[in-house]
Amino acid sequence: MRKVFIVLLVLMVVFAFSVETLVVTSRLWTPPTEKEFIINEIIKPFEEMYNVKVVFQTMDDESILKQVAVQEQTGKITTDVVIVYASKMPEWVEKGYVVDLTPYVSKWTDRTFSKGFDTMTVFDGKRYFLPVGADVYLTLINKKALQYKPEDVDIENLTWEQLAEWANLVAQGEGEGKFAVTGVPMKSLIYQIGAITLSYGGDWPNLDNPGAVAAWYLVYKMKDAFAPAVKTYDDTRPPMKREETWMTVAHSARVGEVYKSNPTQFIIAPAPKGPAGRGSVAGTSGLAIVKGTKHFDLALKFLEYMTRPDIILKSHKGTGGFIPPVDEAINYLGDDIEDQVVKNAIKVLKEGVLSYIAPTWKDWGQVKLVYDEIFKKMILEDKRFEPDLLEFYQIKINSLKK
Amino acid sequence: MKVAKIIRQTLFYIIVAGIVLVILTPIYFLVTISLMSDQEAYDWPTQMIPSFFNKFKLEIVDNEFLISVYSPAKKTYVTIKQSSNFEDLQKFVRNKTNSTIKKELFETQVKKLEKIIQENKDRIDLLRKERDKLKRQINRLTVETVRLKSQLEMAEKANMQEFIDMIKKQIEDNEQEKAELVKNLENVTAELDKIGAVHFSVAKNIFDNYINFFRVTSDALPALLRSVQVAVLTVIISLSIGGMAGYAFARYSFKGKNLLKLSVLFVRMFPGISIAMPMVIILINMGFYDKPIGLSLVYSVGQIGMTVWITASIFMGIPVELEEAAMIFGTTRRGAFFKVTLPLALPGLAASAMYAFIGSWSETAQAIVLTQFNPTFPVVVYQTLVGAKGLINLTAAGGVSLALPAVVFTMIIRKYILQMWGGVRV
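Residues numbered from 1 in each chain as written. Chains lettered and ligands numbered in written order. Predicted model: local features only at pLDDT ≥ 70, side-chain atom pairs only at ≥ 80, totals over all residues. Heavy atoms only, no water.

1. Some points on the sheet that holds strand E6 (residues 130-135) of chain A
Residues and elements named next belong to chain A. One open sheet accounts for five strands, arranged E2-E1-E3-E12-E6; its pairing is mixed. If you trace the sheet from one side to the other, it starts and ends with strand E2 (53-58) and E6, each paired once. With strand direction ignored, the average angle separating the axes of adjacent strands in the sheet is 20 degrees. Sheet analysis places strand E1 (residues 21-26) next to E2, joined by six bridges and oriented parallel. For Ser-26, the partnering residue across the bridge sits in E2 and is Thr-58. (Pairing = 2+ DSSP bridges. Helix = DSSP H or I, 4+ residues; strand = E, 2+ residues; numbered from the N terminus. Axes fitted to C-alpha atoms, helices over the stretch in contact; angles between N-to-C directions.)

Dropping the structure here:
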């Protein structure tokens, strides 16, 4: 009797202390401050609500894929939920690592996932990913540049021509360029030039069309406006923060981060406009459940919670300037600094000429390299506008299509 | 002859000083940045010494508080936040400058500010209007001058002398006018600073980045302990296996000894990351994946080769006659090893322990792949570095925290390092 009592007591203690644990691995919210916000302000209430534990870890897309691949190979699935980038999603679906969420999501009637991202998250009519952390491009100006601003320029309705002229005036006045793009290969230059191409009605990322040629001509006209150390920038945040550069058009969350670091020093605005409108490459990450997880129900609850309009806005506001890709989330927007960043991004999303990374590329990194090479050769080295070069590189772009 | 000697000595000291500079500069930079606030770390040019106090300026603009911090690099106050809410302001200032403005201090300064504003209200309004007007005029002149300079370039290329002189004159006039306006602006700003703002200083928490690093990377402390565990296990495994092998290489002669000795180094020639993926599968099947023992086993593979070479040379430096003499006096072979050879080889073993410790302590590439929920400290620092592009001071704090235990360990056993390459004297 005594033994039975002890066993029962032990079992009670074990059950009392063992809580279900959900493992979430994300490529989003990697900066430590963002991670801290997500863990303390978003995940903690979820844990308390369901009396569970969530292990939230961050790593790059490639590592997440490798980790889950090993788990699938060994049959020991320890990752329950992943957050991966749009360009990687086709690989996850092709390999069969993620669950089709269509039957579950269709029951959630309080939210509408922004249609613009369906091309990335829905495959053959099946929704495998729930969009989260969407982004577009925004303009960021240090107030120091205002002394060179031509009088007729309205920053909210800035055109690419005006920005180029302004950047050139800054360069001439200061004796060196103050415009930042990412000059280190395989970073975000393709998206920065993509924004211009789309503004000129181009077919991005192709190079053999009038829009692309016009965009590259504009970049050529800005050849002296780029900061001298542009080749060393893999991210526009550090040079903008240390005021080495004064102007950039970059990823909304990163622009938001710099803006938030000193709102009295910077001005943010939507991406500039061109003859075809306000161009921007848009991207998103997506939440998915790993096939074979032992905690499917809890993972589904987590997805449902993370994409609730109020929660998705809270998480996106607290982590820079990501766009909540749930239409109803906009109803919760206020007027503080974070809201301003999100509002600007939503403006680009709603009014913009947008394009996405289509899942038609063998290796997106190589496509990025083509843009890096043209920029290096035509803008930084030769300093000569060569439309023929664009035609030539189009051959390379074509060879990278699946 | 004497001159040649002086030149040789000078060159020698220049090289020594150069080496010291090359080693110390990055360390100094890292430590300094780790003690700087976000404001200081991105202030350009970055200061050589972190500050211990922050000087603030408080103004009231559009019925909101506008706070500025003094920038030693720019030698002026830089605005950082405008808000009507004290809590917002306090939080922002703390994150930006590592200084916490206490409510009592803030309220005192606000009272002071309100009093001087009350006394100078009309003058302040006038000066602000004047300042805005001057800024607009300077802006117009700056743009015009820059445009004229472009036109001048074109005129010079075309050799149009008539235009060149005209434009040059215009530029000169503009610059003169601008210089006057800038001077006026400086005067207006200085007067506004006196009658429309209050200044105060607040101590800076110099270790705030370290506190923040361990706060925002919630797994940093357990990861630090895990790293110690991994390093100690690596030292034990590599010393016990490598040490025994080293002794065998030193004391016994057998066929293919040299080839075998050379081959233990082969394993170090492969990049660790290339074997990391297959290792994951092996470790999962062994039940060692994501555990300190698994990582230390992988690290030991590389360290054993190094230990074999170091310990073999140490044991070779200890005369075999000493062991034989001990055995003549009645001890066994094992006794001779433990009582005579091992104490003499201890300095060299300590040095190879240092190599093993540092090698496993700072390794990141394999640890990223071989851990999932239990990362080591370098992985945590790496993840912070990847994510914290705009937070260089936080990353520096992580880097210094990572280096510190290895530095302490090296300092403890530094006296043995010189004897590492078999320099044992009997």
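2. Examining empty space enclosed by the protein
This structure, assessed with the given rule, holds five cavities of 30 Å³ or more. Put simply, the largest cavity is a space of about 140 Å³. The wall of the largest cavity is formed by Lys241(A), Glu243(A), Ser261(A), Asn262(A), Gln265(A), Phe266(A), Gln39(B), Tyr42(B), Asp43(B), Lys74(B), Val78(B) and Lys96(B). Tallied by class, residues from the lining of the largest cavity come to three nonpolar, four polar and five charged. (1 Å grid on protein atoms, 1.4 Å probe; cavity = no way out; pocket = protein on both sides within 12 Å on 5 of 7 lines; lining within 4 Å. Points joined across faces, edges and corners; volume = space filled by probe spheres on them. Nonpolar A, V, L, I, M, F, W, Y, C, P; charged D, E, K, R; others polar.)

3. Considerations on the side chain of Lys81(B)
As for its position among the elements, Lys81(B) is in strand E3 (residues 76-83). Buried charged residue Lys81(B) carries no salt bridge. Nearest counter-charge: Asp88(B), at 5.2 Å. Apart from residues no more than four positions distant in its own chain, Lys81(B) is found in contact with Thr264(A), Ile337(A), Phe65(B), Leu66(B), Ile67(B), Leu89(B) and Phe92(B). (Buried < 20%, exposed > 50% of the residue type's maximum accessible area, 1.4 Å probe, protein only. Lys, Arg positive; Asp, Glu negative; His and termini not counted. Salt bridge = Lys/Arg side-chain N within 4 Å of Asp/Glu carboxyl O. Contact = heavy atoms within 4.5 Å.)

4. Structural notes on the UniProt feature "coiled-coil region" (unreviewed entry) in chain B
UniProt records the feature "coiled-coil region" (unreviewed entry) at residues 103-191 of chain B, using the numbering of this structure. Between the end C-alpha atoms of residues 103-191 of chain B the distance is 28 Å, and the span holds 98% helix and 0% strand. (UniProt positions renumbered as here; feature names shortened; annotations may be inferred.)

5. Some words on the pairing of strand E7 (residues 137-142) of chain A
All names here are of chain A. A large share of E7 lies buried, amounting to six of its six residues. Judged by which residues are buried, E7 turns out to be covered on both faces: Tyr-137, Thr-139 and Ile-141 on one side and Leu-138, Leu-140 and Asn-142 on the other are all buried. Here E7 runs beside strand E9 (residues 247-251); their pairing, made up of five bridges, is antiparallel. If you follow Thr-139 over to E9, its bridge partner there is Val-249. Pairing of E7 with strand E10 (residues 266-270) involves five bridges; the strand directions are antiparallel. Paired with Leu-140 across the bridge in E10 is Ile-268.

6. Brief notes about the nonpolar core
Among the nonpolar cores identified, the biggest contains 79 residues, and Trp29(A), Val82(A), Trp92(A), Phe129(A), Leu287(A), Phe302(A) and Leu303(A) are the most heavily contacted of them. Within the second largest apolar cluster, 63 residues are counted, among which are Ala225(A), Tyr233(A), Leu389(A) and Val146(B). (Core = buried A, V, L, I, M, F, W, Y, C linked by side-chain atoms within 4.5 Å.)

7. Looking at the environment of Ile38(A)
Residues and elements named next belong to chain A. Relative to the assigned elements, Ile-38 resides in helix H2 (residues 32-50). Spatially, the C-alpha atom of Ile-38 lies 9.4 Å from that of Lys-314, the residues being 276 residues apart in sequence. With near-sequence residues (within four places) excluded, Ile-38 lies in contact with Trp-29, Ile-43, Phe-56, Ser-315 and Thr-319.

8. Some thoughts on the sheet that holds strand E4 (residues 198-203) of chain B
All names here are of chain B. If you walk across this open sheet you meet the four strands as E3-E2-E1-E4, and the pairing is antiparallel. On the outer flanks of this sheet lie E3 and E4, each paired with one strand and no other. Strand-to-strand twist in this sheet, taken as the mean axis angle between neighbours without regard to direction, amounts to 30 degrees. Across six bridges, strand E1 (residues 53-61) lies against E4 in antiparallel orientation. Pairing of Phe-53 across the sheet is with Ala-203, part of E4. Along the sheet face, helix H3 (residues 86-97) touches E1, strand E2 (64-71) and E3 and points at about 140 degrees away from the line of E3.

9. What to know about the interface of chain A and chain B
In this assembly, 46 residues from chain A lie in contact with 38 residues from chain B. Around 3500 Å² of area is buried between chain A and chain B when both sides are counted, 56% of it from carbon and sulfur atoms. Our count for the chain A to chain B interface comes out at four salt bridges. With a closest N to O distance of 2.4 Å, Glu36(A) and Arg215(B) form a salt bridge. (Buried area = accessible area lost by both parts, 1.4 Å probe.)

10. Description of the pairing of E2(B)
All names here are of chain B. Counting buried positions along E2 gives six out of eight residues, so the element sits mostly inside the fold. Across six bridges, the pairing between E1 and E2 is antiparallel. Across the sheet, the residue bridging to Leu-58 is Ile-67, located in E2. Hairpin connection, E1 to E2: the antiparallel pair is bridged by two residues, and Asp-62 has positive phi, about 50 degrees. Pairing of E2 with E3, which is carried by seven bridges, proceeds in the antiparallel orientation. Note that in E3 the partner of Tyr-70 across the bridge is Tyr-77. What sits between E2 and E3 in their antiparallel hairpin is a turn of four residues, with Lys-75 showing a positive phi close to 55 degrees.

11. With respect to helix H10 (residues 292-317) of chain B
Here H10(B) contains 26 residues, and its C-alpha end-to-end distance of 35 Å stays within 8% of the 38 Å for a straight helix at 1.5 Å per residue. Counting buried residues in H10(B) gives 19 out of 26 residues, a clear majority hidden from the surface. (Expected span 1.5 Å × (residues − 1).)

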